[in-house]
Every structure is written in structure tokens, then in C-alpha cells.
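Observations on the three-dimensional arrangement
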Amino acid sequence: MIYDNSDPWGAEGGSSAKPDAEESKGQSWETADYARTERRPRRSRGRRGTEGGRRGESRGRWRGPSSTREESKGQPWKSREPRQEEPSADPWTAEESHKEESRGQSWEATDYSHTDRHPRGSRSRRGHGEERKFKPRHDHDEEPRETSEHHEESHDHPHEERKRSYKDTPRKKGPKRGEFEKVKIKRRRFFENSHGKEVLYREEDEQFDPETHSAQTHFRANKDWDELPIPQNLLAAIEQAGFPFPSKIQNFGIEVILKEGYENLLAQAPNGSGKTATFVIGSLCRVDINNPQTQVICINHTIELANQNFQEYKRFADPCGISVSVLSKGGERIDGQVLVASSGSFFKALKTKSINLEGLKVLVMDEADHILNKKDNLENFKKIEDFIKTGFPRDQVQVLLFSATYTDSVKTDIVQLLGNLNEITIKKEDLMLDTIDHYYFRTPQSTKIDTFEQILRKITSGVSIAFVNTCNFARTVYGVVSKKEWKCALLMGQDMTVDERNLTMNDFTEGKYATLITTNLLARGIDNTKVKCVVNFDLPRIPKSRDIDDVLYLHRSGRCSRFGRHGVCISLVTTDEELATLKTLEDSYNMEIAEVRSLDDFDAIVGGGEKAAEEAVKDL
Ligand SMILES: Nc1ncnc2c1ncn2[C@@H]1O[C@H](COP(=O)(O)OP(=O)(O)OP(=O)(O)O)[C@@H](O)[C@H]1O
């Protein structure tokens, strides 16, 4: 069954279509409820509208450059000895290493984010005809800003008052596309339909805010954890993890996962919005603690993500007495009630060690669009296809697919593979996080590495990840930068053993490096809340083309803004052609990429001074 949150405006000329009658199995999909007020709608305040203020104006106050050039030059970083490169001894290293370069994807998605209360409006976008400038800021908060903002605001608005203002709001049904920004409250429709008899939506949950026309942020649902069907011991583990409220995808996702019938789910939500805990908590709820068999398998596209998700499973499973094992290289335990694995190691183990699938209940794929991308990785797709078709009884196992992005073609392949499935999706133009500031800096190719190294020295607030398109060049860049005594590490799929990769990743997480130079291997899924800045040394490219890979740009930039934290994404541009391709993203994602004209300006954009740099690393 498809729970398509597609835009009801689509019927009037939008791109998204109403669900196919067949697919929605006779559900009636009436136009949802819309509200219109005198106030400006959400999107026009924050995005490239004429009324939009200058970028960054409302975020933090200008304090001027806080670190002098002298300060930033005197960084205490010591260069790490270049790693001695060994040929890969691990079969899975090689298997995954060559698939990390740009992926060609073009896609569109439908919307579930229309009730977003994210303060887009406070993040000004470029107004028409306005000269593009950057306005640096310094508010590199540790805490997700809108979570606390939202919390405060919801207390400021007594419930009754909110309801009244919503009711008093003049409404208009069926305005034409573009007449004013769309404001939709479809959540009610979604839940009534998707949960059949059980109406989980209640109007009083909506907490409608007439100011923003929205009810919740990506990072804060309007439900508490204990309103979700989660057992008590898992609730205690969630509290222990320090997650005060579920995010929107956690709220929607967990309810759909645990809905009786346990149907397959394709879930999409922005980077850093808590998809991992959605499938981790959702699938753990399905584990029978008294059954020692493997009941959940979670497949990941890289060893690094497998290890990260293993830790995330353990965080919630350990307090509940559920065993978790990880399979990211040969010879490891495969007997956990939950088994987390990289796809390479999983299929290797399946072949040689015959994992017991008798008790399997849930199969999770993180970054599922990548794992199931036939075009980029046909061999892997065929293995998964074979596994899904013949590896276990179809009606016994619930398949959960999670990613921030799905191309149309990948979605078609998924539907062909799994049949009808529940969907939670979001429109492409709503995917880019407003908490990321995007910049570019022009530099001649001949001095690109030197410029890059100088920019890295400016990043003294938090740590950074830099993406280079090829392993060979990543090695060159790392060689130059590390020789100049910048505390950086190199991580890539080629010429590194699994142990080396794991060690580097752990060291970076522990704050031993200020910068991690890597390839697209780490573009997706990796979560390090101390990463404040992503540098695209190379723009992500669609293979064998000059075009920018917008999906990869999204995933790369998503590494620096986790769960509402502020991040900065800087792209180095060497030619007009590159600049033109980069600029195409502004329309795709409805955002602005501003030019930084002088290296000194980076002090204000990403600098926190020497002290901030020390603290960023010390804090980790
Ligand atoms: N409810 C919550 N409250 C507070 N923090 C949370 C909550 N849920 C998740 N987080 C934190 O938010 C961060 C991002 O979550 P996660 O890695 O699941 O994002 P994601 O949606 O999978 O992103 P990506 O698509 O980039 O992989 C993590 O550090 C996680 O611990």
C-alpha cells in the first residue's frame, strides 16, 4: 500500500500526482486542509523572495572577525605521519572502494514536510536583483537551535489560543499554484488513511503556529516518545540516549513501522533528521527478547556506516538485553538478535557462513537508494534482488528502506522488487537544510591545494570534512596539507585496510584531527556532530559528465549540520563552467550559494579563533 503524501496541488498543475487508485487500494484522497492568513507564508520569508533579508542577518549577531590571521597561523596542530600504504588485504575493502565516486542521479520526490516549523524564514535567502554578498556569523551553537526555540514557543502559545487563531484564520480553498506559497496540513489525512481504524491524528496535537503556518520541525514532532507504541525498557534507553522528543521522521516512521501488518516502508527525510534512530527503535520494537535467533538485519553501503549503525543499535539494544553483532570484516560473530553489516561483508558471510535467516523479521537498508542503485551498482542490486526474492519468506519479513534521496528510477526498481509499500517522502526543494550556509571560493587550479590548506586553517570552529573526487588526488592533497603541519587524516576505500579505515574513523571521532580528507566514501550517513564545515575540494560530479551531482552535494553538505546544528559548506571553484554547474543547485534546492571574495573573510565565516579550535577538539 502506498501512503503517498504527494502534493494535492499537483492536481492543479504541480509535479506530484495523486496516488494511483489501484495502489492506494480505494482510499479516498481528498484535498487536505489549507490555511491562509494575511501573514507571509513560510517559504516566501526565507527563500530567495523579494522580501527576504540578506543571508544570515537573523542568525546571531555580527561580532567581527574573532581570530586574527596571526592567531590562525599559530595553530597547535602537528602533522600526522603519512600513513604507510599497504595493498588492501581485505576482500571487502576493494569491493567497496571503487564505488565511491560521483553517482549520477536525477530525481524528484513528493512532500511530507509541509508542516515543517523549521525557521526557514529566519534564514534569509537572496532577494531578486540584490547583489549577492555573504554576511558571516558566529553562532556555531552546540544545541539544535530550533528544538529549543520551538519548545519555548509552544509554551508561549497557550493551546486554546493557538486553536482559536487557527480557526479565525481566513481560509481559501484551491488557490492556484504560485498565487501564494502553499500551506498544507495533510498530516491528518495521512494518519487517518494510513492507520485505518486507528485515528492517531488529533487536532489538538497540531499546535498550529500562525506565524510560520506550520506545526512541527524536522527535529521536533508534536508527540512525545511515550505516545508512540514503544515498550517501556526501550523508552528508558531513549531517555538515557538524551533524545528529549522524537523528530518528525521518528514520529511518522515508527508509527508506520509498527502498524499491524508490518508492511514494507520506503522512508525519506532530510540529512541529520534522525532516520537512524527511526529504524533502530522501530526494528528493536519488533525483536522478541526470548528468541535468540537473528531477527533484524541492517545492511549498509560502507564499513564505516555499518560500524556507526552498530553503535547506534547497541545504544538502544543493550539496556533492553537485546544482542547486536556487526559484520564489517570476516570472521566476526553473526549470531546477534540484530546483525549490522556492510553489504559486501553480508553477502560474503551469507555465501560462506550461511547466516540463519529462520527468525528474520526485519530487513533494514540504510542509504537504500545507493544500495539499490541498479545503474551504479548492478552487481550489488542483483545480489539484493536475489536475497529478497529467495532468501526468506516474503510475508515473514518487513523491509525498511531509509535515505534522504531516491531517484525516480531507483523508486521504480524498488517498487518492482518489493511491490506496494508504504512511503514517507519529501519534495526535493525542501530537502536542503536551512541550517547550512553555502559558499564558493574561486581559485586557480595551479594554487588550489595551497588555497585549500589556507581555508582549512581558518576553520577553527569545530572540525571539517573535505571531499576530493578521486583516491589518487585525495592522497596528493593529503600529502601536501599534512606536510604543512595541519592536523589532518586521510580516509578512502582504496589502498587502506579495514583496520586502518576503522582506526582513522575512530581517531577522527575522538577529535585527533581537525580535518578528514576523504572521497565520496564518507559522503553519506556519517554522523559527527562536531563537523561544522564541509569543504568540496572538488565539486561532486556525475561520472563521465561535466555536470554536478546534486544528490551527492546534498549528502556531502549534510555531514556538517546534524539535527539542526549550524554548518557551513564551502566549494572550491576553478572555472566559470564549474561555477555555472554549481549555481544550478540554487534552483534545484531553492537556496543560495554566496561567493567569498577574500581568504580573510573565512575568519568570520568559519573561524572561532585558536581557542575555539582547541575547544572543538578537546570537547570531542
Ligand atoms: N530525537 C532526537 N533528539 C536529539 N537528537 C537526536 C534525535 N534523533 C537523532 N538525534 C541525533 O541527531 C543526529 C543525526 O541523526 P541521524 O544520524 O539519524 O540522521 P540521518 O537522518 O540518518 O542523517 P543522514 O541522512 O545524513 O544519514 C545524530 O547525532 C543523532 O544522535
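Since we're looking at a predicted model, the values are computed, not measured. (Residues numbered from 1 in each chain as written. Predicted model: local features only at pLDDT ≥ 70, side-chain atom pairs only at ≥ 80, totals over all residues. Heavy atoms only, no water.)

Broken down by element type, the protein carries 21 helices and 16 strands. Taken across its 620 residues, the protein has 63% of its residues classed as buried. Long-range contacts, defined as pairs at least 24 residues apart, comprise 83% of the intrachain contacts of the protein with a sequence gap of at least 6. Accessible surface, the protein: about 23600 Å² in total, of which carbon and sulfur atoms supply 47%. (Helix = DSSP H or I, 4+ residues; strand = E, 2+ residues; numbered from the N terminus. Buried < 20%, exposed > 50% of the residue type's maximum accessible area, 1.4 Å probe, protein only. Contact = heavy atoms within 4.5 Å. Areas by Shrake-Rupley, 256 points an atom, 1.4 Å probe, with all protein chains shown as cover.)

A few words on the sheet that holds strand 10 (residues 436–442). In space, the seven strands of this open sheet follow the order 12-13-11-14-15-10-16, with parallel pairing throughout. Every interior strand has two partners, whereas the edge strands, strand 12 (488–491) and strand 16 (593–595), have only one. Direction aside, neighbouring strands of the sheet carry axes that sit 25° apart on average. Strand direction decides the pairing type here: strand 11 (residues 463–467) and strand 13 (residues 515–518), joined by four bridges, are parallel. Considered in strand 13, the bridge of Phe-467 is made with Thr-518. (Pairing = 2+ DSSP bridges. Axes fitted to C-alpha atoms, helices over the stretch in contact; angles between N-to-C directions.)

To continue, consider the environment of Leu-360. Summarising the element assignment, Leu-360 is placed in the loop between helix 11 (343–353) and strand 7 (362–366). According to the relative accessible area criterion, Leu-360 is buried, its value standing at 1%. Separated by 112 residues in sequence, Leu-360 and Lys-248 place their C-alpha atoms 28 Å apart. Each residue touching Leu-360, except ones within four places of it in the same chain, is listed here: Thr-294, Gln-295, Val-296, Ile-297, Phe-392, Gln-396 and Val-397.

Next up on the list: the packing of helix 9 (residues 275–284) against helix 10 (residues 303–317). The geometry of helix 9 relative to helix 10 is characterised by a closest axis approach of 10 Å and an angle of 50° between their N-to-C directions. With respect to helix 10, the element helix 9 is oriented oblique. Like other packed secondary-structure pairs, helix 9 and helix 10 cross with a definite hand, here right-handed. Contact residues: Thr-276, Ala-277, Phe-279, Val-280, Ile-281, Ser-283 and Leu-284 in helix 9; Asn-309, Glu-312, Tyr-313, Phe-316 and Ala-317 in helix 10. Here the residues of the contact of helix 9 with helix 10 sort into eight nonpolar, three polar and one charged. (Parallel < 35°, antiparallel > 145°, perpendicular 65-115°, else oblique. Left-handed = near helix turned anticlockwise from the far one by under 90°. Nonpolar A, V, L, I, M, F, W, Y, C, P; charged D, E, K, R; others polar.)

On to the site of the ligand, then. Taken together, 20 residues lie near the ligand, and Phe-245, Gln-250, Gly-272, Lys-275 and Asp-527 sit nearest. At 3.1 Å, a side-chain N or O of Asn-271 approaches an oxygen atom of the ligand. Within the side chain of Thr-276, a nitrogen or oxygen atom sits 2.8 Å from an oxygen atom of the ligand. Coverage of the ligand by the protein chains reaches 92% of its 640 Å² of free accessible surface. For the shell around the ligand, the class distribution of residues is six nonpolar, eight polar and six charged. (Near = heavy atom within 4 Å. Polar contact = N/O pair within 3.5 Å; in protein donor to acceptor, adjacent residues only side chain to side chain.)

So, on to the UniProt feature "domain: Helicase C-terminal" (unreviewed entry) in the protein. In the numbering used here, UniProt assigns the "domain: Helicase C-terminal" (unreviewed entry) feature to residues 451–605. The distance separating the terminal C-alpha atoms of residues 451–605 is 16 Å; by composition the span is 39% helix and 19% strand. (UniProt positions renumbered as here; feature names shortened; annotations may be inferred.)

Moving on to the pattern of salt bridges. Summed over all chains, the structure comprises 26 salt bridges. A salt bridge links Glu-595 to Arg-597, with the nearest nitrogen and oxygen atoms 3.4 Å apart. (Salt bridge = Lys/Arg side-chain N within 4 Å of Asp/Glu carboxyl O.)

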